[in-house]
Amino acid sequence: MSRYFTTDHEWVEVSGDAGTVGITDYAQGQLGDITFVELPAPGQAVNKGDSVAVVDSVKAASDVYTPVSGTVSEANSALEEAPELVNAEAESGGWLFRITVSNPGEIDGLMDETAYKAYIAEL
Amino acid sequence: MNEISEEPADGAAAEPQPLALDNWHREHGARMVGFAGYSMPVQYEGIIAEHLWTREHAGLFDVGHMGQLIVSGAGAAQALEALLPGDISKLKPGRVRYSLLLSESGGILDDLMVTNRGDQYYLVVNGATKWDDIAHLREFLPDEITLNHLDDYGLLALQGPAAGKVMEALGVKPALEGAPELDDLKFMQAGSFLWGEIELGISRTGYTGEDGFEISVQAEHIAALAQALVEMPDVKPIGLGARDSLRLEAGLPLYGHDLTHETDPVSADLAFAISKSRRAEGGFPGAERIVGLLEQGPGRIRAGLALDGRMAAREGALVFSGETQVGTVTSGGFSPTLQHPIAMAYLDAGVAADGTVLAIEMRGKRLEARVVPMPFVTHRYRR
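Residues numbered from 1 in each chain as written. Chains lettered and ligands numbered in written order. Predicted model: local features only at pLDDT ≥ 70, side-chain atom pairs only at ≥ 80, totals over all residues. Heavy atoms only, no water.

*Asks:* Explain the layout of surface pockets to me, using residue names and the numbers behind them.
*Replies:* Residue and element names in this part refer to chain B. Empty space within the second largest pocket amounts to approximately 780 Å³. Lining the second largest pocket are 41 residues, and of these Arg-117, Ala-190, Gly-191, Ser-192 and Gly-201 sit closest to its centre. Examining the composition of the lining of the second largest pocket, we find that 6 residues originate from one element, strand S14 (residues 198-203), more than from any other. In terms of residue class, the lining of the second largest pocket is made up of 20 nonpolar, 14 polar and 7 charged. (1 Å grid on protein atoms, 1.4 Å probe; cavity = no way out; pocket = protein on both sides within 12 Å on 5 of 7 lines; lining within 4 Å. Points joined across faces, edges and corners; volume = space filled by probe spheres on them. Helix = DSSP H or I, 4+ residues; strand = E, 2+ residues; numbered from the N terminus. Nonpolar A, V, L, I, M, F, W, Y, C, P; charged D, E, K, R; others polar.)

Shown next as structure tokens:
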């Protein structure tokens, strides 16, 4: 299993063709208290870079872009009642959706954890 | 991730200026953002925690971006009345009034607080509009009236049910012998006080719906005052994020969002700011149009909307009754106190009655919204 990151602060963990997507701890810290998460429907086909979820904080709403193309297989239903889970566990229990990856080659364009840490250190 | 409803940039595009408390905010863990031309704390520990703390205890806000102005000279009240719809000449010393700077067409150039300080009038205007306000006042006040910008003063707000107790513990005395004690001030009253040797201009006013005070102090003393206040167990520093969610719950409009130069006071549901005698006599900018709107009723009016669920309606969202667009949201967000989203919108008068069920369009979805009276959260002013 490997985890990859985007410059828009999403993460995707990939195992075979199964991916899990969320926003990074850095991103949740920037957004502040999250009050609502709009999640994609299972079965939805998405292309890399599509806006597939929205994270609403007290301040503002933010699009979440999928880091990889594929078909959404599951949305994190725990977030419907407890969107604050994204604040508390952005990179674990606060995942947003699972996806069946259609083009594993897209992973090559993403950052690994070391590169992402270096990237946010510059922001 | 990309913020899709970030607040529009307010004020100057130039590099934000530091407030007198800049270092103090950073030392207290603030995240700073540019707002109204200043670098300001948006949050410390988190907006919801800060919001709830203010409702339950007392929050300290740095509002030093706002403009503090002094208008003085013989006939200052009458000169202000030529620019505002308030009955300034009947405002007693030590009293504060909410008023509006109006354009010739009756549009709101800014909303502001006017205090009668006895020998002069003290105005607090919005940060993002203060330079325009100053230019407007300089242009329209007669030559014999003096306008001073207190740019070497800071402004703090202490808000929440514990604010009175906190100020008592701070130990301030009236600057003038025989003047009312701070605790005797009621909502919309003000006075000059001493904290040790330091002079504080204090009013029992605020922007949260809670009891509380706004404290004007020379910038060189503001860090010591802020520190003395947050060292009290009931006080925490509160950022702009919670200031916005608190004022929204209190039903208080935000200039640049709920009020603009195109908004008239009647449609803005601020008719209370047009004093009775002024309605009869006129003599303020846009009087004819505004008095007409008072008589006929406005075509659109600022109203409150409550939503179920958790998805917030944001500024700019359109409001529908069936397939007809009947309004636009000007402020909206999740209410930490009520635990559901709330919004202010301008609605066609025919659909603005309390209880009317409407729909707000957000990201292609229709959210059911009900017209409700404002404030959304009951004011707890010291009357």
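Further notes follow.
*Asks:* I'd like a description of the pairing of strand S21 (residues 357-362) of chain B, backed by residues and values.
*Replies:* Residue and element names in this part refer to chain B. Sheet topology places strand S18 (residues 318-321) next to S21; 3 bridges connect them, and they run antiparallel. Following the sheet pairing, Leu-318 is matched in S21 by Glu-361. Relative to strand S22 (residues 365-372), S21 runs antiparallel, the two sharing 6 bridges. Residue pairing in the sheet places Glu-361 in a bridge with Arg-366 of S22. Between the end of S21 and the start of S22, which pair antiparallel, lie 2 residues, with Arg-363 showing a positive phi angle near 50°. (Pairing = 2+ DSSP bridges.)

*Asks:* Please give an account of the sheet that holds strand S5 (residues 45-46) of chain A that cites residues and values.
*Replies:* All names here are of chain A. The 6 strands lie next to each other as S1-S2-S3-S9-S8-S5, forming an open sheet whose pairing is antiparallel. Whereas interior strands pair on both sides, the edge strands pair on one side only; in this sheet they are strand S1 (2-5) and S5. As defined by bridge partners, strand S8 (residues 70-75) adjoins strand S9 (residues 97-101) across 5 bridges and the pair is classed as antiparallel. Opposite Thr-71, over in S9, you have Thr-100 as the bridge partner.

*Asks:* Describe the packing of aromatic side chains, naming the residues involved and giving the relevant values.
*Replies:* In the structure shown here, the tally under the stated rule is 4 aromatic pairs over all chains. Ring centres of Tyr98(B) and Phe272(B) lie 5.7 Å apart, and the angle between their planes is 25°; this geometry places the pair in the stacked category. Remark: Phe272(B) occurs in the loop between helix H7 (240-249) and helix H8 (276-281) and Tyr98(B) occurs in strand S7 (residues 96-102); sequence separation between them is 174 residues. What makes Phe272(B) exposed here is its relative accessible area of 58%. By the ring-pair criterion, three or more aromatic residues cluster together here, those being Phe5(A), Tyr116(A) and Tyr119(A). The residue whose ring lies beneath Arg3(A) is Trp11(A), and the NZ or CZ to ring-centre distance is 4.0 Å. Sitting over the ring of Trp53(B), Lys236(B) keeps its end group 4.3 Å from the ring centre. (Phe/Tyr/Trp six-rings, centres within 6.5 Å; stacked < 30°, edge-to-face > 60°. Buried < 20%, exposed > 50% of the residue type's maximum accessible area, 1.4 Å probe, protein only. Lys NZ or Arg CZ within 6 Å of the ring centre and 35° of its normal.)

*Asks:* An account of the domain arrangement of chain B is needed here, citing residue identities and associated values.
*Replies:* Residue and element names in this part refer to chain B. The domain architecture assigned to chain B consists of domain 1 (17-61 + 152-249) and domain 2 (300-372). Placing a centre on the C-alpha atoms of domain 1 and another on those of domain 2 gives a separation of 32 Å. Contacts between the two partners involve 8 residues from domain 1 and, on the opposite side, 9 residues from domain 2. Across the domain 1/domain 2 interface, buried area totals approximately 680 Å², and carbon plus sulfur atoms make up 69% of it. Counting across the interface, domain 1 meets domain 2 through 0 salt bridges. (Domains from an automatic or database assignment. Contact = heavy atoms within 4.5 Å. Buried area = accessible area lost by both parts, 1.4 Å probe. Salt bridge = Lys/Arg side-chain N within 4 Å of Asp/Glu carboxyl O.)

*Asks:* Which residues make up empty space enclosed by the protein, and what values do they have?
*Replies:* Residue and element names in this part refer to chain B. Per the counting criterion, the structure on display carries 1 cavity of 30 Å³ or more. The volume enclosed by the largest cavity comes to roughly 40 Å³. Forming the boundary of the largest cavity are Met-40, Pro-41, Phe-61, Asp-62, Val-63, Ile-238, Gly-239, Leu-240 and Arg-243. Secondary structure elements with two or more residues in the lining of the largest cavity: strand S4 (38-43), strand S5 (58-62) and H7. Each residue belonging to the lining of the largest cavity can be placed in one class, and the counts come to 6 nonpolar, 1 polar and 2 charged.

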